[in-house]
Amino acid sequence: MFTILKASAIAYCGDRWSDIRDYYNAHAESIKPPTILPTQWDNRILYRLFDCWLRLFRKDGWDDLHGVLTAIAELRSEQTQYEAQEIFLNPAADGRLMAFRLVSMYHWARATELLATFVTHGDNMSICVDLDKHFEAAITSAEHSGDMAYELLLHWLHATSILMVKNSLWWGTRTVNSRVTKFVKSVTRREAKPIFEMLPPQRAALLECGLLDQAKTAIVVDLPTSGGKTLLSQFPILQALNQFNEDKGWVAYVAPTKALVAQITRRFRRDFDPIGIRVEQLTAAVEIDAFEEKLLNDGVNRFDVLVATPEKMSLLVRNNKVPNRPLALIVLDEAHTYDGSLGTEISWLLKRLSKRVGGAQRLQFMA
């Protein structure tokens, strides 16, 4: 158990936590926690905490994180029944060492509970201070118990817990706005494929590279394939809509193919519908039909995000059909594909849009 947890912690701290999940999936049977009954009290705690941390590393939906909170609650209910006999039925010296070991494990369990609660609910922004307090107390007690392997494991799990907080969606978006908070709450609590934490490239873009810096008028995000650019694009979209809320601003999302337009629209509707943001798409046809005409001019049921190909967006500009509302943000997806004549089209489109609806911020994603 110590070997698996320490290896998992080292991998997580090295931003290789996707490899951890692959390993867990490939060795699901061999890493199952040992049977709890019958065993002594300190092992009961250890087995449950081992299971809790497998769940924290894996984060396979709500069941895993609820399982952590349930396990800690069960430990509390069992403490009165098992603790006394574990300490007082041992010789004095062994009882003293066991007392230190149990105190250490109690602090470890409390830190585990706090971490799982934050990842699911994000309602404790002093979480790092609390984790430091409990892990430092756990490490000090482990040192007095004389178990060096256990003490070393706690050092690694302490570092992992802080990084897990910094990777969480709650932490990365804590200072943006209420609309983003509602979005994070929605995607973390949905039943199908909830998202609890950011990939390393997403964390770097949000926390280190100033993706949400409103002073920047143009940003290029160069991410590897499957680097999470769709989720990443949603945060500046929400920020821009919030900034232009009173003026009923809108966002233009330009994707190079009609298949990608349809894919982005489905994803955005799934994520944005629960927080009241309307997403619409334009077809790839070379004309504006009656439905699209009504959509673009509907002042009552107005859209917030419009997804289209560059050719269709250019058609709106040429035919004077651009919505008469402030354009808050332009997102160019797969920007590296805009070369040749299409690159010229995009340059023209950006200039015309900026002139017609004001100087919107531009965001370019490159895969």
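Residues numbered from 1 in each chain as written. Predicted model: local features only at pLDDT ≥ 70, side-chain atom pairs only at ≥ 80, totals over all residues. Heavy atoms only, no water.

Caption draft 1: Quick look at the overall build of the protein. Helices and strands together make up the secondary structure of the protein, namely 15 helices and 6 strands. Taken along its principal axes, the extent of the C-alpha atoms in the protein is 90 × 40 × 35 Å. Across the 367 residues that make up the protein, the buried fraction comes to 51%. Across the protein, the fraction of contacts at a sequence separation of at least 24, relative to all contacts at a separation of at least 6, is 76%. (Helix = DSSP H or I, 4+ residues; strand = E, 2+ residues; numbered from the N terminus. Buried < 20%, exposed > 50% of the residue type's maximum accessible area, 1.4 Å probe, protein only. Contact = heavy atoms within 4.5 Å.)

Caption draft 2: Examining unusual backbone geometry more closely. In the Ramachandran plot, lysine 59 falls in the positive-phi region, its phi being about 50° despite a non-glycine side chain. On the secondary structure map, lysine 59 appears in the loop between helix H3 (41-58) and helix H4 (62-88). A positive phi angle, close to 60°, is found at lysine 248, a residue other than glycine. Tracing the backbone shows lysine 248 in the loop between helix H11 (229-243) and strand E2 (250-254).

Caption draft 3: Representation of the pairing of E2 within the structure. With 5 of 5 residues buried, E2 is to be regarded as a mostly interior element. Of the two faces of E2, the one carrying Trp250, Ala252 and Val254 and the one carrying Val251 and Tyr253 are both buried. Bridge count for E2 against strand E5 (residues 327-332) is 5 bridges, and the pairing is parallel. Bridging from a neighbouring strand, tyrosine 253 pairs with valine 331 of E5. Where E2 and strand E4 (residues 305-308) come together, 4 bridges link them in parallel fashion. From the neighbouring strand, tyrosine 253 faces E4, where its bridge partner is valine 307. (Pairing = 2+ DSSP bridges.)

Caption draft 4: Seen up close, the pattern of salt bridges. Overall, the coordinates contain 22 salt bridges when judged by the stated rule. Between glutamate 197 and lysine 59 there is a salt bridge; the shortest N-O distance is 3.4 Å. Here glutamate 197 is found in the loop between helix H9 (178-189) and helix H10 (200-208), whereas its partner lysine 59 is found in the loop between H3 and H4, with 138 residues between them in sequence. Across this residue pair, the class does not change: glutamate 197 and lysine 59 are buried. Put simply, arginine 270 and aspartate 271 hold a salt bridge, and the shortest N to O gap is 3.1 Å. (Salt bridge = Lys/Arg side-chain N within 4 Å of Asp/Glu carboxyl O.)

Caption draft 5: Representation of the environment of methionine 105. Within the secondary structure, methionine 105 is located in helix H5 (residues 92-121). Considered as a pair, methionine 105 and leucine 211 are 106 residues apart in the sequence and their alpha carbons are 40 Å apart. Excluding residues that lie within four positions of it along the chain, methionine 105 makes contacts with Asp42, Ile45, Leu46, Leu49 and Tyr150.

Caption draft 6: Focus on H3. The terminal C-alpha atoms of H3, which comprises 18 residues, lie 26 Å apart, in line with the 26 Å expected from a rise of 1.5 Å per residue. Within H3, 16 of the 18 residues are buried, which leaves it mostly tucked inside the rest of the structure. In the stretch just after H3, lysine 59 is the one whose phi turns positive, near 50°. (Expected span 1.5 Å × (residues − 1).)

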